[in-house]
Amino acid sequence: MNYRIQNLFILFFTFLSLTLNAQKVIHILPLGNVNDDVLNVIESAVYEFYGYKCVVSTKVPFTKDILADSKTRYEAGKILAKYKSNKNLLIITEKDIASKKGDVKEWGIFGLGYRPGQTCVVSTFRIKRKATITVFKERLKKVCIHEIGHNLGLNHCTSGNLKCLMNDAKGTIKQVDRESLYFCAQCVRFLKAL
């Protein structure tokens, strides 16, 4: 195949990819009061990483039915069940969220996403601890991209590449800080196969 035809194919598939991505929309639902800067960081990160447009919905208030048993934080699974949508939905909150992990009924988490699915939740509560504004924003981007990755079908990364965003944080912010804003070759291959 000559270079001109090859370049035309590349241009066509690049255009097709951008067109398909441009049609994908992530709805961002603020749960409770969420700072506008947080919403702007998420919108920008999702567009830059995935090429998806974001639409910010009107915030919804907290309700007692999504509280965890301790009544001191919110249960991520209940949040996902209550706001499950047929749209691609990222729920963002500044309150602490938890999930059951093994024998622990309330394991504090950064986020949770259905895999595959269309709904995920991210909390800024734990990712802003002991963080400068710059570090907080980087963590926020990484956690949001990670949870959307689960919605797209990605499991936790098993490649051994600790820089991949799809690694399991295992309850520590150190892993999030270690990661880069990218997916390893194994995770990219999986996404392309979808």
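Since the model is a prediction, treat every value here as computed from it, not as a measurement.

*Asks:* Account for helix α2 (residues 36-50), naming residues and giving values.
*Replies:* Taking 1.5 Å as the rise per residue, α2 with 15 residues should run 21 Å; its terminal C-alpha atoms sit 21 Å apart, in good agreement. Inspection of α2 places Val38, Leu39, Val41, Ile42, Ala45, Val46 and Tyr50 among the buried residues, and these make up the whole buried set. Each buried residue of α2 sits inside an arc of 160° when the element is viewed along its axis, so together they form one side. Turned more than 90 degrees away from the buried face of α2 sit Asp36, Tyr47 and Glu48, all of them exposed. With a side-chain oxygen lying 2.6 Å from the backbone nitrogen of aspartate 37, the N-terminal cap of α2 falls on asparagine 35. In the stretch just after α2, glycine 51 is the one whose phi turns positive, near 80°.

*Asks:* If you had to explain the packing of α2 against helix α4 (residues 133-151) to someone new, which residues and values would you point to?
*Replies:* Packed helices, taken two at a time, are described by the angle between their axes plus the distance between the axes. Contact geometry of α2 with α4 gives a least axis separation of 9 Å together with a crossing angle of 55°. By the criterion of interaxial angle, the relationship of α2 to α4 is oblique. The interaxial crossing formed by α2 with α4 has right-handed handedness. Together, Val38, Val41, Ile42, Ala45, Val46, Phe49 and Tyr50 of α2 and Phe136, Lys137, Leu140, Lys141, Cys144, Ile145, Ile148 and Gly149 of α4 make up the contact between the two elements. Tallied by class, the residues present in the contact of α2 with α4 amount to twelve nonpolar, one polar and two charged.

*Asks:* Tell me about the pattern of salt bridges, residues and numbers included.
*Replies:* When their charged atoms lie close together, side chains carrying opposite charge are able to pair. If you walk through the whole model with that rule in mind, you get seven salt bridges. Aspartate 65 is paired through a salt bridge with lysine 82; the nearest N and O atoms lie 3.2 Å apart. One end of the pair, aspartate 65, is in the loop between β2 (53-56) and β3 (74-75); the other, lysine 82, is in helix α3 (residues 76-83), and 17 residues separate them in sequence. On the basis of relative accessible area, aspartate 65 is assigned to the partly exposed category, the value being 44%. Take lysine 82: its relative accessible area is 36%, and that puts it in the partly exposed class. A salt bridge links glutamate 75 to lysine 78; the shortest N-O distance between them is 3.9 Å. When its relative accessible area of 26% is taken as the criterion, glutamate 75 is described as partly exposed.

Calculation criteria
- Residue numbers here run from 1 along each chain, matching the order of that chain's written sequence.
- Where local features are concerned, this predicted model is filtered to residues with pLDDT of at least 70; where side-chain atom pairs are given and counted, the filter is 80 or more; whole-chain, interface and lining totals use all residues.
- Side-chain metrics in this entry use all non-hydrogen atoms of the structure; hydrogen atoms and water are not considered.
- Only runs of H or I of at least four residues qualify as helices and only runs of E of at least two qualify as strands under DSSP, and these elements are numbered from the N terminus.
- A helix is expected to span 1.5 Å multiplied by its residue count minus one.
- Relative accessibility thresholds used throughout: buried, under 20% of the residue-type maximum; exposed, over 50%; partly exposed, between the two (1.4 Å probe, protein chains only).
- The arc in question is the one spanned by the directions pointing from the helix axis to the C-beta atoms.
- Between N or O atoms, a polar contact is any pair within 3.5 Å; within protein, one atom must be a potential hydrogen donor and the other a potential acceptor, and residues adjacent in sequence are included only when both atoms are from side chains.
- With axes taken as lines fitted to C-alpha atoms, and helix axes fitted only over the stretch in contact, angles between N-to-C directions fall between 0 and 180 degrees.
- If an angle is under 35 degrees, it is roughly parallel; if it is over 145, roughly antiparallel; if it lies from 65 to 115, roughly perpendicular; otherwise it is oblique.
- Note on convention: the crossing is left-handed when the near helix lies turned anticlockwise from the far helix by less than a right angle, right-handed when the turn is clockwise.
- Contacts are residue-level and defined by heavy atoms, with any inter-residue pair within 4.5 Å sufficient.
- Only Asp, Glu, Lys and Arg are considered charged, only Ala, Val, Leu, Ile, Met, Phe, Trp, Tyr, Cys and Pro nonpolar, and every remaining residue, Gly among them, polar.
- What counts as a salt bridge is simple: a side-chain nitrogen of Lys or Arg found within 4 Å of a carboxyl oxygen of Asp or Glu.

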